[in-house]
Amino acid sequence: MPMDSLEASAVDVLVIGGGNAGLCAAITARRAGARVLLLESATKHLRGGNSRHTRDIRYMHRGATEYVTGSYPEAEFWEDLRQVTGGDTNERLALQVIRSSEDLASWMQTQGVRWQKPLRGTLHLARTNLFMLGGGKAMVNAYYETALALGVKVAYQCEVRELDIRDGRFVAARGGAAEEFRARALVVAAGGFEANISWLKEYWGEAAENFVIRGTPYNQGRMLKELLRCGAKPTGNPRGCHAVALDARAPKFDGGIVTRLDSVPFGIVVNNKVERFYDEGEDFWPKRYAIWGGLIARQPDQIAYSILDAKALPCFMPSVFPPVEAGSIPELAAALALDPEKLTAVVERYNRAVRPGTFNPAVLDDCRTEGLEPPKSHWARPIDTPPFYGYPLRPGITFTYLGVAVDERARVIFQDERPAQNVFAAGEVMAGNILTQGYLAGFGLTIGAVFGRIAGQEAARCAAS
Ligand SMILES: Cc1cc2nc3c(=O)[nH]c(=O)nc-3n(C[C@H](O)[C@H](O)[C@H](O)COP(=O)(O)OP(=O)(O)OC[C@H]3O[C@@H](n4cnc5c(N)ncnc54)[C@H](O)[C@@H]3O)c2cc1C
């Protein structure tokens with residue numbers, strides 16, 4: 001472990017995981033006076049977990065600022081969350097996150113995070129979300145700089161393998177080579193199990209082999225598994241996850257944001273049997289993009305194809321890979337290894353079903369199909385203007401929704417319903433308390449920042465008592 005002079009006895013709060021949640025916890029605990037050690041699996045170069053791939057954070061606010069275009073009140077935030085989760089959320093904790101998000105803009109700025117002015121784009125988040133200047137990498141770097149300046153000790157390449165928790169009390173964490181870490185309180189912020197294909201297979205079967213992991217390969221779920229082994233109460237949905245339509249040419253891990261495709265609402269999507277399988281224009285993309293990975297995961301061979309024409313191309317941010325281009329639909333089908341006759345028939349049937357309307361990506365417009373199954377409810381325009389384009393799509397797993405139950409003080413809850421004495425959790429590892437299905441763009445960071453701060457505060461208080 002490349003960390004020398006920290007005696008185990010000098011640690012009050014041990015934080016496992018150096019992404020958004022762990023860093024918010026470490027900074028808060030340190031500011032509250034605790035001596036903090038943060039352990040991170042990755043090298044310094046690859047630190048920051050999934051958080052380093054992020055761009056924006058959703059937060060409650062009462063009016064427009066230099067960085068957001070209007071207000072986003074508690075009631076609207078809650079209604080948005082209720083809708084995407086179908087009401088399957090811990091209302092108490094969800095409302096706590098929403099209310100506590102109000103001061104995140106200023107708190108994060110105090111830790112060195114900088115904001116950028118609203119951009120135009122396909123995700124329409126300029127009112128509800130703050131965008132980090134320099135993205136997640138800049139945010140993570142700012143947090144590390146602040147944490148180190150405050151005196152937080154950080155150990156990279158230090159994967160924790162085992163937790164010793166007895167009667168709800170943390171005793172020690174063990175890494176490789178007989179390393180043992182003791183502290184008066186523990187914060188687990190080590191992400192979900194999205195990079196663990198074998199674990200994903202338990203719920204998705206062999207289909208999981210075809211999943212692409214958008215973020216860090218280090219989120220293997222080892223700490224989640226350890227907490228569960230030690231008796232923590234599971235919560236959330238083991239099969240639930242944030243999963244998007246990803247360019248099938250993306251690398252297996254860590255492709256980040258540039259491999260995501262936002263083309264879906266502007267064309268049609270077919271599987272390799274050349275069948276449409278879901279309403280591409282059901283709702284605004286920020287409320288739907290996170291279900292498309294799951295939809296593709298349920299298709300044969302876990303592959304799908306986004307089919308577009310020249311009109312659609314300027315409507316969305318392209319992926320880092322160029323689209324497959326052809327002068328006609330049969331040629332496009334051939335280039336994508338799809339049946340040309342079938343694709344021609346599907347496109348013609350779709351074109352005939354499109355009703356005239358006024359196309360407007362900024363609203364739920366009246367461009368829809370009639371008599372088509374599944375329907376396309378908005379942004380439906382005929383696919384008739386060459387050149388035609390196609391993108392192969394794979395399920396891109398962002399993060400998983402199985403977690404450990406926590407209470408409003410971020411204390412891990414055990415199966416006998418008792419809270420842990422000195423074990424706290426924040427971020428993806430407990431997001432399943434709030435997210436079981438669906439997603440609101442920018443909400444992963446909100447959960448991690450809010451619960452990271454609570455966990456840091458509570459762990460410091462616990463260590464001092
Ligand atoms: C491509 C991409 C884009 C995204 N964009 C956004 C966005 O714009 N806005 C948003 O809100 N959310 C976004 N998300 C989701 C967001 O990244 C997560 O919700 C959030 O960052 C999770 O933070 P975390 O601290 O819980 O986990 P992470 O940031 O993943 O941190 C977990 C850390 O724990 C470490 N770790 C894991 N196991 C161990 C172990 N055993 N021992 C030691 N360390 C360990 C990992 O190396 C990692 O650094 C995005 C995710 C991806 C992949």
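Everything numeric in this text was worked out from a predicted model, so none of it was measured.

Chemist: Can you explain helix α3 (residues 91-100)? Please cite residues and give values.
Modeler: Taken together, the buried positions of α3 are occupied by Leu 93, Ala 94, Leu 95, Gln 96, Val 97 and Ile 98. Here the buried face of α3 lies against α2 (74-85) and α12 (443-464). Where α3 begins, the capping side chain belongs to Asn 90, and its oxygen is found 3.2 Å from the backbone nitrogen of Arg 92.

Chemist: So, the site of the ligand: which residues are in play, and what are the values?
Modeler: Taken together, 39 residues form the shell around the ligand, and within it Glu 40, Asn 50, Ser 51, Asp 56 and Leu 445 come nearest. A distance of 3.2 Å separates an oxygen atom of the ligand from a polar backbone atom of Gly 442. Here the ligand loses 97% of its free accessible area of 1,000 Å² to cover by the protein chains. Ranked by residues supplied to the shell around the ligand, first place goes to α12 with three residues. Partitioned by chemical class, the residues of the shell around the ligand number 14 nonpolar, 19 polar and six charged.

Chemist: Describe the packing of aromatic side chains, listing the residues and the values that go with them.
Modeler: Across all of its chains, the model carries 17 aromatic pairs by this definition. Clustering of aromatic rings is evident, with ring pairs tying together Trp 285, Tyr 289, Phe 399, Tyr 401 and Tyr 439. Above the plane of the ring of Tyr 144 lies Arg 47, whose end atom (NZ or CZ) is 4.1 Å from the centre. The ring centre of Trp 204 lies 4.0 Å from the NZ or CZ of Arg 239, which sits over that ring.

Chemist: Explain the side chain of Asn 196 residue by residue, including any values.
Modeler: Within the secondary structure layout, Asn 196 lies in the loop between β10 (185-188) and α6 (197-204). A polar contact is formed between the side chain of Asn 196 and the backbone nitrogen of Trp 199, at a distance of 3.0 Å.

Chemist: Mind laying out the sheet that holds strand β1 (residues 13-16), listing which residues take part and the relevant values?
Modeler: Across the sheet, six strands lie side by side as β6-β2-β1-β10-β18-β17; this open sheet has mixed pairing. The open sheet terminates on both sides in strands that have one partner only, identified here as β6 (153-155) and β17 (411-413). Neighbour-to-neighbour, the strand axes of the sheet open up by a mean angle of 35°, direction not taken into account. With two bridges connecting them, β17 and strand β18 (residues 419-425) associate as antiparallel partners. By the bridge assignment, Ile 413 is partnered in β18 with Pro 419. Sitting on the sheet, α12 touches β1, β10 and β18, and the angle it makes with β18 is about 140°.

Chemist: Go over the confidence of the model for the protein, please, and point to the residues and values.
Modeler: Looking at the protein, the pLDDT average stands at 95 and 97% of residues meet or exceed 70. Counting contacts from residues 1-6, a segment whose pLDDT is below 50, to residues more than four positions away or on other chains yields 14 contacts.

Chemist: Break down helix α11 (residues 340-353) for me, with residues and values.
Modeler: Relative to the 20 Å expected for 14 residues at 1.5 Å per residue, α11 spans 20 Å between its end C-alpha atoms, a close match to the ideal helical length. Contact partners of the buried residues in α11: β13 (268-271), β14 (304-308) and α10 (329-335). Between the side-chain oxygen of the N-cap and the backbone nitrogen of Glu 341 there are 3.0 Å, and the N-cap of α11 in question is Asp 339.

Chemist: With reference to specific residues and values, describe the sheet that holds strand β4 (residues 115-116).
Modeler: The pairing of strands in a sheet happens through backbone hydrogen bonds and is either parallel or antiparallel. In spatial order, the strands read β3-β5-β4; together these three strands make up an open sheet with antiparallel pairing. Unpaired on one side and paired on the other, β3 (56-58) and β4 mark the two borders of the sheet. Alignment of β4 against strand β5 (residues 129-132), held across two bridges, turns out to be antiparallel. Within β5, the position partnered with Trp 115 by the bridge is Met 132. Packed onto the sheet, α12 meets β3 and β5 and runs at close to 70° relative to β3.

Chemist: Before we move on, can you summarise the nonpolar core with the specific residues and values?
Modeler: Core analysis: the biggest nonpolar cluster contains 141 residues, and Val 13, Leu 14, Leu 163, Phe 443 and Phe 451 have the highest contact counts within it. Considering every element that reaches this core, the biggest residue donor is α12, with twelve residues. Once residues lying within four places of it in the same chain are set aside, the contact partners of Leu 14 are Leu 37, Leu 39, Phe 170, Ala 173, Phe 181, Ala 183, Ala 185, Leu 186 and Val 187.

Chemist: Lay out the pairing of strand β7 (residues 162-166) in plain terms, naming residues and giving numbers.
Modeler: The pairing of β7 with strand β8 (residues 169-174) spans five bridges and is antiparallel. From the neighbouring strand, Ile 165 faces β8, where its bridge partner is Phe 170. Between β7 and the antiparallel strand that follows it, β8, lie two residues; Asp 167 among them carries a positive phi value of about 50°.

Chemist: So what's going on with the pairing of β5? Which residues, and what values?
Modeler: With burial as the criterion, each face of β5 is covered, one bearing Asn 129 and Phe 131 and the other bearing Leu 130 and Met 132. Both β3 and β5 contribute to a ladder of three bridges, which runs antiparallel. Each bridged residue has a counterpart across the sheet, and for Arg 58 the counterpart in β5 is Asn 129.

Chemist: Mind laying out the packing of α3 against α12, listing which residues take part and the relevant values?
Modeler: Any two packed helices are characterised by how steeply their axes cross, that is the angle between the axes, and by the distance between the axes. As a packed pair, α3 and α12 sit with axes 9 Å apart at the nearest point and diverge in direction by 90°. When the axes of α3 and α12 are compared, the pair comes out roughly perpendicular. Of the residues in α12, those in contact with Leu 93, Gln 96, Val 97 and Ser 100 of α3 are Phe 443, Thr 446, Ile 447, Val 450, Phe 451, Arg 453 and Ile 454. For the contact of α3 with α12, the class distribution of residues is seven nonpolar, three polar and one charged.

Chemist: Could you give an account of the environment of Thr 146, naming the residues involved and the relevant values?
Modeler: One can find Thr 146 in helix α5 (residues 135-150). A relative accessible area of 15% means that Thr 146 is categorised as buried. Each C-alpha atom of the pair Thr 146 and Thr 110 lies 9.3 Å from the other, and the pair is 36 residues apart in sequence. Apart from residues no more than four positions distant in its own chain, Thr 146 is found in contact with Ile 27, Arg 31, Gln 111 and Gly 112.

Criteria and thresholds
- Residues numbered from 1 in each chain as written.
- Predicted model: local features only at pLDDT ≥ 70, side-chain atom pairs only at ≥ 80, totals over all residues.
- Heavy atoms only, no water.
- Buried < 20%, exposed > 50% of the residue type's maximum accessible area, 1.4 Å probe, protein only.
- Helix = DSSP H or I, 4+ residues; strand = E, 2+ residues; numbered from the N terminus.
- Contact = heavy atoms within 4.5 Å.
- Polar contact = N/O pair within 3.5 Å; in protein donor to acceptor, adjacent residues only side chain to side chain.
- Near = heavy atom within 4 Å.
- Areas by Shrake-Rupley, 256 points an atom, 1.4 Å probe, with all protein chains shown as cover.
- Nonpolar A, V, L, I, M, F, W, Y, C, P; charged D, E, K, R; others polar.
- Phe/Tyr/Trp six-rings, centres within 6.5 Å; stacked < 30°, edge-to-face > 60°.
- Lys NZ or Arg CZ within 6 Å of the ring centre and 35° of its normal.
- Pairing = 2+ DSSP bridges.
- Axes fitted to C-alpha atoms, helices over the stretch in contact; angles between N-to-C directions.
- pLDDT = per-residue confidence, 0-100.
- Expected span 1.5 Å × (residues − 1).
- Core = buried A, V, L, I, M, F, W, Y, C linked by side-chain atoms within 4.5 Å.
- Parallel < 35°, antiparallel > 145°, perpendicular 65-115°, else oblique.

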